[in-house]
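Chain by chain, the residues run as shown.
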Amino acid sequence: MSDTQKRAAGEAAAALVEDGMIVGLGTGSTAAWFVKALGERVKGGLKIKGGVPTSEATAALARELGIPLLTLDEARELDLTVDGADEIGPGLSLIKGGGAALLREKLVWEASKRCVCIADAAKKVPVLGRFALPIEVVAFGHVTTANRIADVLSEHEIGVGPRLRMKDGEPVLTDGGNVIYDAACGAIPNPSALAADLKSLTGVVDHGLFLDLCDEALVASDSGVERLTP
Ligand code: 5RP
C-alpha cells in the first residue's frame, strides 16, 4: 500500500517538470518512482536540460531510462529538486539519509530554487526523531568522532548513542566513502541547535536534518496526494 502511495507522490511530482529545466533527482524508493515517471515524460518528448542525480544508484536508474544527466558543477543552479524523506515534521522540517545519500542530497537541495519532498503519509510526524537520525562521518577515526557525537546528543538530552550502520557484516559506505552513524533520538527537542552542534564537530561531514530547505511536500495517502507548504 505504501508503495502505491510512493508511486502516486512520485508521479504527481513528475508533472511539475517543464521543458528546459535542470532537475535534481533524489534517492530512495519514492524518488525512484519520480525518476521513472520523469523517464516516461522524457521518452514522450519532454526536453529537460538535465537531471542532477543525488547518488550513484539514481544516476544508474536515470541513465537506464534515457534521462540526460549533468553534474552539480555543470548545473550550478537547479530549477527543481524532487526527493523523498524519512520523516516530515513541523514546518516541513525533515529527516533524510535512510538511503545513505544525505550529503549529495543536501548539496543538490541547497543549489535548487525549489525543493519538493515526496512521501507516503506514514512519513508525517508531530516531532522529528522517531526515525534514527543519520549522521555521515569521515571513516578515519570514526569511533572517536562517534564518541564526540554521543556527548553532543547527551547535551541535547538525547540518551541513546549513535550506532554504526552495517550491512552484511561491514560498515555501510556512502558514495563519498564515508560511514553513517544512526542516532535513535526519540524526540529531538531543538532540531536547529542539534544541527548546528553536530555540524561543528570535526569528522562529521553532515547529518540528515534538512531544516528550512523544503518548499513543499507532496504526501500521498489513500485519499489522494496532499500538497503541504511550510
Ligand atoms: C536517502 C533518503 C531517502 O529519500 C529517504 O531515505 C526516503 O527513502 P524512501 O523513499 O525509500 O522511503 O534520504 O538518503
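Predicted model only: the values in this text are computed from it and were never measured.

**A short note on the pairing of strand E1 (residues 22–25)**
And then number 1: Where burial is concerned, the two faces of E1 agree: the one with Ile22 and Gly24 and the one with Val23 and Leu25 are both buried.
And then number 2: The pairing of E1 with strand E2 (residues 50–53) spans 4 bridges and is parallel. Counterpart to Leu25 in the pairing with E2 is Pro53.
And then number 3: You can see the chain leave E1, run along helix H2 (residues 29–43) and come back into E2, and the turn it takes is right-handed.
And then number 4: Judged from the 3 bridges that link them, E1 and strand E3 (residues 80–83) form a sheet pairing that is parallel. By the bridge assignment for E3, Leu25 is matched with Val82.

**Details of the site of the ligand**
And then number 1: By nearness alone, 17 residues border the ligand, and Ser29, Thr30, Asp86, Gly97 and Lys123 come closest of all.
And then number 2: Lys6 is positioned such that a nitrogen or oxygen atom in its side chain is 3.5 Å from an oxygen atom of the ligand.
And then number 3: Separating an oxygen atom of the ligand from a side-chain N or O atom of Thr30 is a distance of 2.5 Å.
And then number 4: Out of a free accessible area of 380 Å², the ligand has 91% covered by protein chains.

**As for the sheet that holds E3**
And then number 1: If you walk across this open sheet you meet the 6 strands as E2-E1-E3-E6-E14-E15, and the pairing is mixed. Of all the strands in the sheet, just E2 and strand E15 (224–228) have a single pairing partner and so form its edges. Strand-to-strand twist of the sheet, defined as the mean angle between neighbouring strand axes without regard to direction, takes the value 20°.

**Here's the deal with the state of the cysteines**
And then number 1: Scanning all chains against the criterion turns up 0 disulfides.
And then number 2: The cysteine Cys117 is free of any disulfide, with Cys214 supplying the nearest cysteine sulfur at 4.9 Å.

**Topic: the sheet that holds strand E7 (residues 133–137)**
And then number 1: Overall, antiparallel pairing links the 4 strands, which are arranged E8-E11-E7-E12 in an open sheet. With one partner strand each, in any of the chains shown, strand E8 (163–164) and strand E12 (204–207) form the two edges of the open sheet.
And then number 2: Where E7 meets strand E11 (residues 179–183), 5 bridges bridge the pair, whose relative direction is antiparallel. Bridge pairing in E11 links Leu133 to Ala183.

**Thoughts on the domain arrangement of the protein chain**
And then number 1: Domain boundaries assigned for the protein chain yield domain 1 (3–123 + 211–222) and domain 2 (133–207).
And then number 2: Distance from the C-alpha centre of domain 1 to the C-alpha centre of domain 2: 25 Å.
And then number 3: Contacts between domain 1 and domain 2 engage 13 residues on the former and 16 residues on the latter.
And then number 4: Summing both partners gives a buried area of about 1,100 Å² for domain 1 against domain 2, and 64% of it is carried by carbon and sulfur.

**Examining helix H6 (residues 142–155)**
And then number 1: In a regular helix each residue adds 1.5 Å, so 14 residues correspond to 20 Å; H6 covers 20 Å between its end C-alpha atoms and thus fits that length.
And then number 2: If you check which residues of H6 are buried, you get His142, Thr145, Ala146, Ile149, Val152 and Leu153. Seen end-on, H6 carries its buried residues on one side only, within an arc spanning 115°. With respect to the buried face of H6, the exposed residues turned more than 90 degrees away are Val143, Thr144 and Glu155.
And then number 3: Close packing links the buried residues of H6 with E7, E8, E11, helix H7 (191–199) and E12.
And then number 4: Backbone geometry just after H6 places Glu157 at a positive phi near 60°.

**With respect to the nonpolar core**
The tendency in soluble globular proteins is for nonpolar side chains to be buried as a group.
And then number 1: Counting 25 residues, the largest nonpolar core has Val17, Phe34, Val35, Leu38, Ile67 and Ile118 as the members making the most contacts within it.
And then number 2: With 6 residues, H2 is the single largest residue contributor to this core.
And then number 3: Aside from chain neighbours lying at most four places away, what touches Phe34 is Gly10, Ala13, Ala14, Val17, Val23, Gly24, Leu25, Val82 and Ile118.
And then number 4: In this structure, Val125, Leu128, Ala183 and Leu209 belong to the second largest nonpolar core, which totals 22 residues.

About the criteria used
- Residues numbered from 1 in each chain as written.
- Predicted model: local features only at pLDDT ≥ 70, side-chain atom pairs only at ≥ 80, totals over all residues.
- Heavy atoms only, no water.
- Buried < 20%, exposed > 50% of the residue type's maximum accessible area, 1.4 Å probe, protein only.
- Helix = DSSP H or I, 4+ residues; strand = E, 2+ residues; numbered from the N terminus.
- Pairing = 2+ DSSP bridges.
- Right-handed = clockwise from strand over helix to strand, strands pointing away.
- Near = heavy atom within 4 Å.
- Polar contact = N/O pair within 3.5 Å; in protein donor to acceptor, adjacent residues only side chain to side chain.
- Areas by Shrake-Rupley, 256 points an atom, 1.4 Å probe, with all protein chains shown as cover.
- Axes fitted to C-alpha atoms, helices over the stretch in contact; angles between N-to-C directions.
- Disulfide = S-S within 2.5 Å.
- Domains from an automatic or database assignment.
- Contact = heavy atoms within 4.5 Å.
- Buried area = accessible area lost by both parts, 1.4 Å probe.
- Expected span 1.5 Å × (residues − 1).
- Arc of directions from axis to C-beta.
- Core = buried A, V, L, I, M, F, W, Y, C linked by side-chain atoms within 4.5 Å.

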